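Fold and contact review
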Amino acid sequence: MATAAGLGLVAPAAAEAGTVSVTWGCGAFGGPAGIKTFDITVTAPATATAGQPVTVHADLTQVSPTWVGTEPAGRYTGYVVLELGGAASGRVDATGMTNPVIENGGLFRLTGGTGQVTLPAAGQVTLATSGYVLYYSTGTWISSCGGGAKPVAATIQVS
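This report concerns the structure included in the present document.

1. Comments concerning the environment of Leu60
With respect to the helices, strands and loops of the structure, Leu60 is situated in strand 4 (residues 53–64). Linking Leu60 and Ile40, residues 20 residues apart in sequence, is a C-alpha distance of 4.5 Å. Residues contacting Leu60, with those up to four places away along its chain left out, are Phe38, Asp39, Ile40, Val80, Met97, Phe108, Arg109, Leu110 and Tyr132.

In structure tokens, the structure reads:
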């Protein structure tokens, strides 16, 4: 562990980021349903201590189909579901995501998702993308996507 100027400050663990591409079926209410492809970036600490909470981050870009129409920033919110594997099980939701301005024919994005999880045991823990839920900023559910592949986007070594 590194210390700063002899003050005993512990340097934070380096963050690891991984981007995966998924094609999921989406059910919808008030929006188009169907098959959509997303790039999801998950950032997590490379290492963690068992029993201590860790924070993970997620951003999502819908790469296909492209967006029809324009939307102001903050019109949509959502979260990405991450399944834990390896030395841990369960899930963590990266919530609090919101959209920047969306241009006609552009890519739909949600950014700023965070979630916190306490990893109980030593070993390697994987974070696999397994779903995504979209809401209007008013809280009204629009769509949920998932199924199929659940690629691992990040790995944490827990000691």
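2. Examining the packing of aromatic side chains
By the definition in use, this model includes 7 aromatic pairs. A centroid spacing of 4.8 Å and a plane angle of 20° characterise the contact between Trp67 and Phe108, whose relative ring orientation is stacked. Of this pair, Trp67 sits in the loop between strand 4 and strand 5 (76–86) while Phe108 sits in strand 7 (residues 108–118); the two residues are 41 residues apart in sequence, bridging distant segments of the chain. The class for Trp67 is buried, based on a relative accessible area of 16%. Chaining the aromatic ring pairs together yields one cluster made of Trp67, Tyr76, Phe108 and Tyr136. Positioned above the aromatic ring of Tyr76 is the side chain of Arg75, whose terminal nitrogen or guanidinium carbon lies 5.8 Å from the ring centre.

3. What about the environment of Glu16?
Within the secondary structure layout, Glu16 lies in strand 1 (residues 15–28). Glu16 sits 31 residues away from Thr47 along the chain, and the two C-alpha atoms are 9.1 Å apart. When residues no more than four places from it in sequence are discounted, the contact partners of Glu16 are Val42, Thr43, Ala44 and Ala46.

4. Focus on the side chain of Thr129
With respect to the helices and strands, Thr129 occurs in strand 8 (residues 123–136). Classification of Thr129 by relative accessible area gives buried; the value is 0%. Thr129 has contacts with Val20, Val22, Trp24, Ile40, Val42, Val81, Leu82, Ala149, Lys150, Pro151 and Ala153, leaving out every residue within four places of it along the chain.

5. Quick look at the nonpolar core
Phe38, Ile40, Leu119, Leu127 and Tyr132 are the most contacted members of the largest nonpolar core, which totals 37 residues. Setting aside its immediate chain neighbours within four residues, Leu119 contacts Thr49, Ala50, Gly51, Gln52, Val54, Leu84, Ala88, Val125, Ile156 and Val158.

6. Some points on the state of the cysteines
Here is the idea: a disulfide is a covalent bond, and it sits between the sulfur atoms of two cysteines. Counted under the stated rule, the structure contains 1 disulfide. For Cys26, the disulfide goes to Cys145, at an S-S distance of 2.0 Å. The disulfide joining Cys26 to Cys145 has a torsion of about 110° about its S-S bond and is therefore right-handed. Of this pair, Cys26 sits in strand 1 while Cys145 sits in strand 9 (residues 141–146), and the two are 119 residues apart along the sequence.

Calculation notes
- Residues numbered from 1 in each chain as written.
- Predicted model: local features only at pLDDT ≥ 70, side-chain atom pairs only at ≥ 80, totals over all residues.
- Heavy atoms only, no water.
- Helix = DSSP H or I, 4+ residues; strand = E, 2+ residues; numbered from the N terminus.
- Contact = heavy atoms within 4.5 Å.
- Phe/Tyr/Trp six-rings, centres within 6.5 Å; stacked < 30°, edge-to-face > 60°.
- Buried < 20%, exposed > 50% of the residue type's maximum accessible area, 1.4 Å probe, protein only.
- Lys NZ or Arg CZ within 6 Å of the ring centre and 35° of its normal.
- Core = buried A, V, L, I, M, F, W, Y, C linked by side-chain atoms within 4.5 Å.
- Disulfide = S-S within 2.5 Å.

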